Amino acid sequence: MSLRKPSKEQPESFKFNSSSLEAAKTIVAKYPKDKQQSAVMALLYIVQKQNNNWIPLAAMKYIGKFLDMPYIKVYEVATFYTMYNLAPVGKHFIQICTTTPCMIRGAYKLVEACKEKISDNENELSKDKNCSWTEVECLGACVNAPMMQINDEYYEDLDKEKTIKILNTILNGKTPKPGSYRGRTNNEPENNRKTLMDLKNA
Amino acid sequence: MLKLKVNEIDVEVEEGLTVLQACEKAGIEIPRFCYHEKLSIAGNCRMCLVEIEKSPKPVASCAMPATEGMNIKTNTEFVEKARKGVMEFLLANHPLDCPVCDQGGECDLQDQSMFYGVDKSRYKENKREVSEKNMGPLIKTQMTRCIHCTRCVRFATEIAGVPEIGAIGRGEEMQITTYLEQSMESELSANVVDLCPVGALTSKPYVFEARPWELKKTESIDVMDAVGTNIRVDTYGWEVKRILPRINEDINEEWISDKTRYACDGLLNQRLDTPYIKYNGKFEKASWNEVFNIIKSKLKNVDKDKICGIAGDLVNMETLYIFKEFFNKTLGSYNIESRTDHSYLNPEKRENYLFNSKINGIEEADFIFMVGSNPRYEATILNARIRKAYLQNKTKIVSFNNIGELTYPYESLDGDIENIKKIIENNHEISNMIKNAKKPLIIFGQSSLKSESAKYIFESIKTFLEKNEKISKEWNSLNIISKNASTVGSFDLGVYKTEDGSNEVLKNLENHVFEIVYLLGVDNLKLEKKNEFIIYQGSHGDKGAEIADIILPGAAYTEQNGYFTNLEGKLQKAYKASYPPEEAKEDWLIINELAEVMNHRKLFNDKDELDSSMLNQINLFIEKNNSIKSSNLENLEFKQEILKIDIEDYYYSNAIARASKTMLECKNAKINLKLTGTEG
């Protein structure tokens, strides 16, 4: 991993829209007076949600003013956490877990699929600028490995074919169904097993 | 008091200290990079690890509070191993470029690696490389050398009040950066060079100039402003290579302003190295004898009331004293003055021109009211103290005018002098604020003393303070920020002529009453020359020398021993670090020799006689002054106007600074600095 640099192309200004503003105010209200700086991480996340999954520099300045804290302090926080995107990642941001359990279950096949369908490199926008992918560390769904996250939804129990199908749906502008792609409800056991009683040496 | 053991020695320390401070009390030095007495505790370099009994792991002593009964060990194998480990990690990414690094010889990392460094590296991977950052004309960066102690970040945020430096990224990619790509908007910025424990931030004007062990170090006093900052002058032969701060908790703590630090290259340029005489508008070199004889014949043929002497901003007290003796005794003239503008002076009592609460007292104050002052430019170090007071006590600060960014929030009035009347008549909210404060601080700046209503502003507020018992032996709330290093000294020695506070010599000078004008290092005087014969004595070929008919080359403040009294009335001695160039002489000597030429008698046999005579006079003056009762002036009038704040050309305020290339660069870099008027 290298130092994530802010995008060279930056919008000139940024402003919360009404729903973001409301959310931001609710969060700031949770903290005591003069300690509103504590809300910086949550506010950066709100910006990211509003602004197609990435945080422009103008937004950091905006948050600095919003919370009455120096811009450089916001900038420090934003560059520290890898989950804040400092460059455009597209409307559909695909994160593939490649930590050990997913890797063993074939996460790199998913990466191949992304390379074919979206872009050759990580963090590179697709041709229509709507999509990009990246490898991430554990997303906490090891039971349903391998898996990927697209924006707020998890897509689990995947293989290369299923991934390509999902990606095609997205590239066509539709939303695929989240969850397990082997017919499981959440992370229940497969083949209708409810207990481990019928298994020897389980 | 806490009782604890350090290396089996019993020590008693106050509560609230850290383990590191307790060890220092016990006389044991702990290596450190990130910890600094004047900054907040970060605890991120891990070099100060010590062993504490019952603690299974080594403890970072800078961040651990000392507690009762602690048994601290700093010399065990355990500690040494821990520190060696830390050092190995620090050196993993630190380049081995000490031979080309400006910090070499005074580098904390270099010194400490002599104790804790391992002789060879086990780190086989590539070292990281970090791009250089642009931090303006004063600070050179070499960020690959940075060990992320964050001292500079904390200094900028806490002391300088410009949160513009930060640490971005994480882990190996962590970088110290300023997003601005330009110099910091602070007059204290170059202190990060001293703070940096490695060679990541070094001094740009001093780059590759000298090694610390080659330099002669002389402890001295700064003359760029009236604060009397304690400095160390480093010289290589004749050249002053750099100026560093010296710790004085009562005045500058550990900081010096950028002007103090970097105007020193002006000592090499534009120097007057031989006497000159002006013939037909052109200067020609002359010998000392020639110029002295010309001056003698001129002075002898002119009525003594038609001669005047003006002393400048950087003149030391010995020279001021002999200058006065020369005028009073040799010439019999009393037309001497040290003010180069029409500022108001009430010399009746010493407290009328001093910063009476003392610089230390700022921290105790509970209300600060500034009248016509911009301390950020008039006394940078003092402004840092006000910021410190604000951070510590949330001191309420009000300014009579809006004066732009001061690095701390303040309220401002509109600057109408009518407000002063309201205040002294108890018709203003400020009146109650002053009355209710236990230790108020009223600061008069040059702009208020220069205005036409200066007498009214100063005297009526003083009377108001006296009536409300805010001027007493315990706390004197009357404070004046003097303009120059020589100001208080010259007032103490009586280098002024005034009846009602106005500048009589300057008035007469402007009316062309005088035929001979003796300028002693005066470069800030706006003078339309008519038929006056002007003698200029000074170190630099600046505005004063330009209009002179005869030039006597003198010495700069680093080239002669001299006393200076700072704005709080503290007498300090600046020591000779270098010597005057070529034919130039120390200032007092020139006047002494001139007196000998005039009267065949020296004023003083040697410097010691001059010093003791001057110190005697000062002591007598201060003793006498303490017993004087001040009289109150009443029924004064004022002009309806808005008090104007002089925007001084900070980087160009005296002859030395004007000759300095670095100051020019600073000026150009900050040319966009504007008063936005929205702060506060």
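Residues numbered from 1 in each chain as written. Chains lettered and ligands numbered in written order. Predicted model: local features only at pLDDT ≥ 70, side-chain atom pairs only at ≥ 80, totals over all residues. Heavy atoms only, no water.

As annotated in an unreviewed UniProt entry, chain B is NADH-quinone oxidoreductase from Pelagibacter ubique. Per UniProt, chain B carries the Function (unreviewed entry) text "NDH-1 shuttles electrons from NADH, via FMN and iron-sulfur (Fe-S) centers, to quinones in the respiratory chain. Couples the redox reaction to proton translocation (for every two electrons transferred, four hydrogen ions are translocated across the cytoplasmic membrane), and thus conserves the redox energy in a proton gradient." Listed in UniProt under the heading Catalytic activity (unreviewed entry), the comment for chain B reads: "a quinone + NADH + 5 H(+)(in) = a quinol + NAD(+) + 4 H(+)(out)". (UniProt positions renumbered as here; feature names shortened; annotations may be inferred.)

Named according to an unreviewed UniProt entry, chain A is NADH dehydrogenase subunit E originating from Pelagibacter ubique. Here is the UniProt Sequence similarities (unreviewed entry) comment for chain A, exactly as written: "Belongs to the complex I 24 kDa subunit family." Recorded in UniProt under Cofactor (unreviewed entry), the annotation for chain A is "[2Fe-2S] cluster".

1. Observations concerning the overall build of chain A
For chain A, the count of helices and strands is seven helices and five strands. In chain A, the succession of helices and strands from N to C terminus is α-α-α-α-β-α-α-β-β-β-α-β. With respect to the three principal axes, the spread of C-alpha positions in chain A is 60 × 40 × 30 Å. For chain A, buried positions account for 42% of its 202 residues. Surface summary for chain A: the accessible area is close to 12100 Å², and the carbon and sulfur share equals 50%. In chain A, 29 positive and 23 negative side-chain charges are present, and the distance between their average locations comes to 2 Å. (Helix = DSSP H or I, 4+ residues; strand = E, 2+ residues; numbered from the N terminus. Buried < 20%, exposed > 50% of the residue type's maximum accessible area, 1.4 Å probe, protein only. Areas by Shrake-Rupley, 256 points an atom, 1.4 Å probe, with all protein chains shown as cover. Lys, Arg positive; Asp, Glu negative; His and termini not counted. Charge placed at Lys NZ, Arg CZ, Asp CG, Glu CD.)

2. Topic: the UniProt feature "domain: 4Fe-4S Mo/W bis-MGD-type" (unreviewed entry) in chain B
With numbering aligned to this structure, UniProt lists the feature "domain: 4Fe-4S Mo/W bis-MGD-type" (unreviewed entry) at residues 215-271 of chain B. Regarding residues 215-271 of chain B, the helix share stands at 9% and the strand share at 35%, and the terminal C-alpha atoms are separated by 22 Å.

3. Quick notes on the pairing of strand β4 (residues 153-156) of chain A
All names here are of chain A. Pairing analysis gives three bridges linking strand β3 (residues 148-150) to β4, with the strands arranged antiparallel. When the bridges of β4 are listed, Gln149 appears paired with Tyr154. Pairing of β4 with strand β5 (residues 179-180) involves two bridges; the strand directions are parallel. Bridged to Glu156 within β5 is Ser180. (Pairing = 2+ DSSP bridges.)

4. Observations regarding the domain arrangement of chain B
Residue and element names in this part refer to chain B. When the domains of chain B are assigned, the result is domain 1 (2-92), domain 2 (108-208), domain 3 (276-345 + 486-604) and domain 4 (359-481 + 633-648). The interface is formed by 20 residues belonging to domain 1 together with 21 residues belonging to domain 2. Of the roughly 2000 Å² buried between domain 1 and domain 2, counting both surfaces, carbon and sulfur atoms make up 59%. When residues of domain 1 are sorted by the area they lose upon contact with domain 2, Phe33, Leu39 and Glu88 head the list and together hold 32% of the total. Between the two partners, domain 1 and domain 2, sit one salt bridge. Between Glu88 and Arg122 there is a salt bridge, with the nearest N and O atoms lying 2.7 Å from each other. Residue composition of the side of domain 1 that touches domain 2, grouped by class: twelve nonpolar, three polar and five charged. (Domains from an automatic or database assignment. Contact = heavy atoms within 4.5 Å. Buried area = accessible area lost by both parts, 1.4 Å probe. Salt bridge = Lys/Arg side-chain N within 4 Å of Asp/Glu carboxyl O. Nonpolar A, V, L, I, M, F, W, Y, C, P; charged D, E, K, R; others polar.)

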